[in-house]
Amino acid sequence: MNRTTLSLIAGTAALAAVTVFAALDSPSASGASGSQAAAHLPVERTSLLCPAPSTSDIAETSYTSFTPVTEGSANSGKAELQAVTEKSADGTDAGGKSGKGKGAREKADQPVLTPKAPGTPVTGDTSGGDAPALIGTADGKFASGWTVQETTEVAAGTGRGLQGVNCTAADTEFWFPGAGTATGRTDYVHLTNPDDSAAVVDIELYDKDGAVKSPLGENLTIKPHTSEPILLSTLTDERVEDLTVHVGVRSGRVGAAVQALDDKIGGDWLAAAGDPAGSLVLPGIPKDATDVRLIAFTPGDDDADLKVRLASPNGLITPAGNETVHVKSGMTAAVDLGDVTRGEAGSLVLTPTEREVPVVAALRVVRGKGDKRETAYIPATAPVGTRATAADNSAKGTTLALTAPTGTATVRVTASAGSGGGTAAAKTYTIKSGTTQNIDAPAPSGRKGTYALTVETVSGGPVYASRTLSTTDSDTPGFTIQTLPNDRGTVAVPHTTEDLSVLQK
């Protein structure tokens, strides 16, 4: 992704607008002048976009909002999530439903949830297949590190299981390796425009042979304050199992996520992969995964040759028979890795065999067997860096995976208070170089409701992380995975010193 704004999903929170104040100091007695190191200050405003969760009438969706406590944040502020409210000339909303009447207007204007003070999560719920996309804004004390998790349970039908996504910031470019238009697949690209002017978007598709003809994906207009789900199978007549989807914005900006649904093996949200890079990390493959499939794409003019290694609890190992993968320029490559983790925690690490060529990649992960299978996705992601947060956790249904592929790292994991009460708790962990650990994450004492887990890098690294949510109330292993890239909750502000004596003349 081309991060013209600071991003989510997972996601994951991002920067929508930041006011930066530069301090001008009078010259020192010695007459020295110049620049000092930049200070890192909390962001002042953040915007997040949540896609419409499901078209199923039996879908149950929860939203969890959380802002970690950040030193130096403002003492006041506000945050809220509201449904898209743009009305057309005939009085209908973005979905074609009537928006006339006082009741409809009040429902559209009513926030889905209003966040509490930093350090305490808050939840909101909706049900049925007409839940809209949401636009969220936070400023002041709520902005730094703000994260919102959208989690949906679908009991039956296409995409049944658990679907989760981090609400994200708007951006201008997105890559989604792992989508498909094969028989039995129903994949949508959800595009949400948070701004007052229209956005113009192109959707490009690439399979194993290169670009797929899809003229209907060109020059799409997304109206202000609306969200559009684009069914991929309407953009091409070809039925392809492994597609890379590229969303490029000609004007404006959008939030984007792919909802990948399957008739037989459930489905989940496919968040955008990290920026094209020569080395990639895809963290947190469930230890009981029965089938893992790697999908990779290189957008440049050169082919890429990658070493494939698994960061296990005991170090880096090379999967037998899948030592390397060759990715042709402009073509999507797919590799079946089977049950690569073999009962242990694991993360996939891709590095160049020789020359570094930028690549994007994602994993499709299946758990269960036969007709009791479920699917989730792990895109290549950025490291945790200073801090990252995952909301909507429970003690029994949460697995936090941490990997340090290139150097031993120390991390601190903090469990917030619960949405219904409790006291925060924290632990420090050491992740050895080249390993992945499913850690015994802390949980708040006296907890009630769900809680957030915040990961901070103390030393060493880099560290990559993901969080798996699992359902435990059925034989089908419903689950969803979100990566934890840096929350970009602070911004570097240069501190300048300038000689103002000329103004005294």
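Residues numbered from 1 in each chain as written. Predicted model: local features only at pLDDT ≥ 70, side-chain atom pairs only at ≥ 80, totals over all residues. Heavy atoms only, no water.

## Quick look at the overall build of the protein
No. 1: Looking only at helices and strands, the protein features one helix and 38 strands.
No. 2: For the protein, the computed accessible surface area is about 20,900 Å², with 48% contributed by carbon and sulfur atoms. (Helix = DSSP H or I, 4+ residues; strand = E, 2+ residues; numbered from the N terminus. Areas by Shrake-Rupley, 256 points an atom, 1.4 Å probe, with all protein chains shown as cover.)

## Remarks on the nonpolar core
No. 1: L282, I285, L294, L348, L350 and L363 are the most contacted members of the largest nonpolar core, which totals 29 residues.
No. 2: Top element by residues in this core is strand β21 (residues 304–312). It accounts for four residues.
No. 3: Each residue touching I285, except ones within four places of it in the same chain, is listed here: V292, L310, V340, T341, G346, S347, L348, L363 and I378.
No. 4: Counting residues in hydrophobic clusters, the runner-up holds 28 residues, among them V201, L235, V245 and V258. (Core = buried A, V, L, I, M, F, W, Y, C linked by side-chain atoms within 4.5 Å. Buried < 20%, exposed > 50% of the residue type's maximum accessible area, 1.4 Å probe, protein only. Contact = heavy atoms within 4.5 Å.)

## A look at the state of the cysteines
No. 1: Applying the stated criterion across every chain yields a total of one disulfide.
No. 2: Each disulfide pairs two cysteine sulfurs, and for C50 the partner residue is C167, the sulfurs being separated by 2.0 Å. Between C50 and C167 the disulfide shows an S-S torsion of about 110 degrees. By sign, it is right-handed. Of this pair, C50 sits in strand β3 (residues 45–50) while C167 is found in the loop between β9 (161–166) and β10 (173–179), placing the two residues 117 residues apart along the sequence. (Disulfide = S-S within 2.5 Å.)

## Thoughts on the pattern of salt bridges
No. 1: Here the structure, examined in full by the defined rule, presents 11 salt bridges.
No. 2: The closest approach of N and O atoms between R387 and D487, which form a salt bridge, is 2.6 Å. Of the two residues, R387 is situated in strand β28 (residues 387–393) and D487 in the loop between β37 (479–483) and β38 (490–497); the sequence distance between them amounts to 100 residues. Both residues of the pair, R387 and D487, belong to the buried class.
No. 3: Where salt bridges share partners, they join D242, R293 and D336 into one cluster. (Salt bridge = Lys/Arg side-chain N within 4 Å of Asp/Glu carboxyl O.)

## Some remarks on the sheet that holds β9
No. 1: Pairing is antiparallel in the open sheet, where four strands are placed in the order β6-β4-β8-β9. Each edge of the sheet is formed by a strand with only one pairing partner; in this case those strands are β6 (122–127) and β9. Adjacent strand axes in the sheet meet at a mean angle of 15 degrees when their direction is disregarded.
No. 2: Relative to β6, strand β4 (residues 59–66) runs antiparallel, the two sharing six bridges. Bridge assignment links T61 to a residue of β6, and that residue is T126. (Pairing = 2+ DSSP bridges. Axes fitted to C-alpha atoms, helices over the stretch in contact; angles between N-to-C directions.)

## Here we look at the side chain of E150
No. 1: As for its position among the elements, E150 is in strand β8 (residues 147–154).
No. 2: For the buried E150, no salt bridge is present, and the opposite-charge side chain at shortest range is R467, 12 Å distant.
No. 3: The residues touching E150, leaving out its near neighbours within four places in the chain, are C50, P51, A52, P53, T61, S62, Y63, Q163, G164, V165, C167 and W269. (Lys, Arg positive; Asp, Glu negative; His and termini not counted.)

## Comments concerning the pairing of β37
No. 1: Within β37, five of the five residues are buried, which leaves it mostly tucked inside the rest of the structure.
No. 2: Across the two faces of β37 the burial is the same, with F479, I481 and T483 and T480 and Q482 all buried.
No. 3: By the bridge criterion, five bridges tie strand β36 (residues 464–470) to β37 in an arrangement that is antiparallel. Bridged to L469 within β37 is T480.

## With respect to the side chain of T226
No. 1: Positionally, T226 belongs in strand β15 (residues 226–231).
No. 2: Overall, the relative accessible area of 2% leaves T226 in the buried class.
No. 3: There is a polar contact of 2.7 Å between the side chain of T226 and the backbone oxygen of K223. (Polar contact = N/O pair within 3.5 Å; in protein donor to acceptor, adjacent residues only side chain to side chain.)

## What to know about the packing of aromatic side chains
No. 1: Applying the stated criterion across every chain, the model contains three aromatic pairs.
No. 2: A ring pair is formed by Y206 and F297, whose centres lie 4.7 Å apart and whose planes are at 40 degrees; its orientation type is tilted. One end of the pair, Y206, is in strand β12 (residues 199–207); the other, F297, is in strand β20 (residues 291–297), with 91 residues separating them in the sequence. As far as the burial class goes, Y206 and F297 line up, both buried.
No. 3: Each member of the aromatic cluster is reached from another via a ring pair, and the members are W175, Y206 and F297.
No. 4: Across the ring face of F479, the terminal group of R367 is positioned such that the distance to the ring centre comes to 4.8 Å. (Phe/Tyr/Trp six-rings, centres within 6.5 Å; stacked < 30°, edge-to-face > 60°. Lys NZ or Arg CZ within 6 Å of the ring centre and 35° of its normal.)

## Quick look at unusual backbone geometry
No. 1: Each neighbour pair has its own omega, and for G461 with P462 the value is 10 degrees, a cis peptide bond.
No. 2: Here P462 lies in the loop between β35 (451–460) and β36.
No. 3: Backbone geometry at N219 places phi at a positive 60 degrees, although glycine is not the residue there.
No. 4: Position of N219 relative to the elements: it lies in the loop between β13 (210–212) and β14 (220–222).
No. 5: With phi around 50 degrees, R488 is a residue other than glycine that occupies positive phi space.

## Here we look at the sheet that holds strand β18 (residues 266–270)
No. 1: One open sheet holds the four strands; their spatial order is β15-β11-β17-β18, and the pairing between them is antiparallel. Edge positions in the sheet fall to β15 and β18, since each of these pairs with one other strand and no more. In this sheet, neighbouring strand axes are inclined to one another by 15 degrees on average, regardless of whether the strands run parallel or antiparallel.
No. 2: By the bridge criterion, five bridges tie strand β17 (residues 255–262) to β18 in an arrangement that is antiparallel. Bridged to L261 within β18 is G267.

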